[in-house]
Amino acid sequence: MHQIWIPLKDIPAGGGEYEVDDQSVWQGPIAEFSLPFTIIEPLRGSLFLLPQDDGCLVRGRLTGRISAPCDRCAEPAELTIDQSFDSFEPFPAQQHAQDDTRKHGKTATAEPETDDDFEDVDAAVIRISPSGQGVEVSLSGLLWEEFLLALPTKPLCSAGCKGLCPSCGSNLNVASCSCKSEDGDPRLAALRGLTLEKK
């Protein structure tokens, strides 16, 4: 994924607005994870970041159009992406403790980091700068997460998609097949040959 990291110290006190239309932000992970998505209309993200004492408020919108396999017939389904979002990204606990120490003039004590220190922090979205100078927020990480959240659980090429025949695999949207349909509940198929004798 093409990473776009913004240092929080570079964001104005009243918040900063950012526009992202570099398609590699989405194309990179799609290729890396071999996902069956094709971008039809360029994806565009707009974000507003507002730093807080213990994290960063994020507001934004993601738009565009993609193609994904239909959940019923596996043919390409065109999906419109129009996702508005609001979230709060907390700082890593270590950074929060350092900021609190600076504000209150306390002496910092070295404590070992544990998994709990980063339990609520998504490292792909917010991190302590590799140089150790403050915190950075990833615009690309935020937008990739919102892209995944915008996708329907079961994309369909149309609401009336008939899907595939479970016997021969024919696309029932194109033509009917000659497979015989079994009557009754398939869960009771094992009982179809059962005969009962009266006493």
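What this report covers is the structure whose coordinates are included nearby. (Residues numbered from 1 in each chain as written. Predicted model: local features only at pLDDT ≥ 70, side-chain atom pairs only at ≥ 80, totals over all residues. Heavy atoms only, no water.)

Our focus in this paragraph is the overall build of the protein. Each helix and strand counted, the protein has 3 helices and 7 strands in total. Counting from the amino terminus, the protein carries its helices and strands in the arrangement β-β-α-β-β-β-α-β-β-α. For the protein, the proportion of its 199 residues judged to be buried stands at 32%. When the accessible surface of the protein is split by element, carbon and sulfur atoms take 50% of a total near 13,000 Å². (Helix = DSSP H or I, 4+ residues; strand = E, 2+ residues; numbered from the N terminus. Buried < 20%, exposed > 50% of the residue type's maximum accessible area, 1.4 Å probe, protein only. Areas by Shrake-Rupley, 256 points an atom, 1.4 Å probe, with all protein chains shown as cover.)

Before going further, it helps to spend a moment on the sheet that holds strand β2 (residues 16–20). Pairing between the strands of a sheet comes from backbone hydrogen bonds, and it takes one of two forms, parallel or antiparallel. Pairing within the open sheet is antiparallel, and its 4 strands lie in the order β2-β3-β4-β5. Each edge of the open sheet carries a strand with a single partner, namely β2 and β5 (76–90). Here the strands of the sheet are splayed against their neighbours by 10° on average, with no regard to which way each runs. Alignment of strand β4 (residues 55–69) against β5, held across 15 bridges, turns out to be antiparallel. Along β5, the bridge assignment pairs Thr63 with Asp82. Against the sheet, helix α1 (residues 24–32) contacts β2, β3 (38–51) and β4, and its axis sits at roughly 115° relative to β3. (Pairing = 2+ DSSP bridges. Axes fitted to C-alpha atoms, helices over the stretch in contact; angles between N-to-C directions. Contact = heavy atoms within 4.5 Å.)

What follows is about the packing of aromatic side chains. Going through the model one piece at a time under the given rule, you end up with 2 aromatic pairs. Taken together, a centroid distance of 5.9 Å and an interplanar angle of 80° make the contact between Phe37 and Phe147 edge-to-face. Of this pair, Phe37 sits in the loop between α1 and β3 while Phe147 sits in helix α3 (residues 139–150), and the two are 110 residues apart along the sequence. Like Phe37, the residue Phe147 is buried in the burial classification. Through a chain of ring-to-ring contacts, three or more aromatic side chains come together here, namely Phe37, Trp144 and Phe147. (Phe/Tyr/Trp six-rings, centres within 6.5 Å; stacked < 30°, edge-to-face > 60°.)

Let us look at the sheet that holds strand β6 (residues 126–128). Reading across the sheet, the 3 strands line up as β1-β7-β6 and stay open at both edges, with antiparallel pairing between neighbours. Two strands close off the open sheet at either side, each with one partner strand: β1 (5–7) and β6. Strand-to-strand twist in this sheet, taken as the mean axis angle between neighbours without regard to direction, amounts to 30°. Pairing between β6 and strand β7 (residues 135–138): 3 bridges, direction antiparallel. Bridging across to β7, Ile126 finds its partner in Val137.

Turning our eyes to something else, we now look at the pairing of β3. Both β2 and β3 contribute to a ladder of 5 bridges, which runs antiparallel. Each residue of the ladder has a partner; that of Glu17, found in β3, is Phe48. As defined by bridge partners, β3 adjoins β4 across 11 bridges and the pair is classed as antiparallel. Bridge pairing links Phe48 to Arg59 in β4. Between the end of β3 and the start of β4, which pair antiparallel, lie 3 residues.

This is a description of form; function is not addressed.
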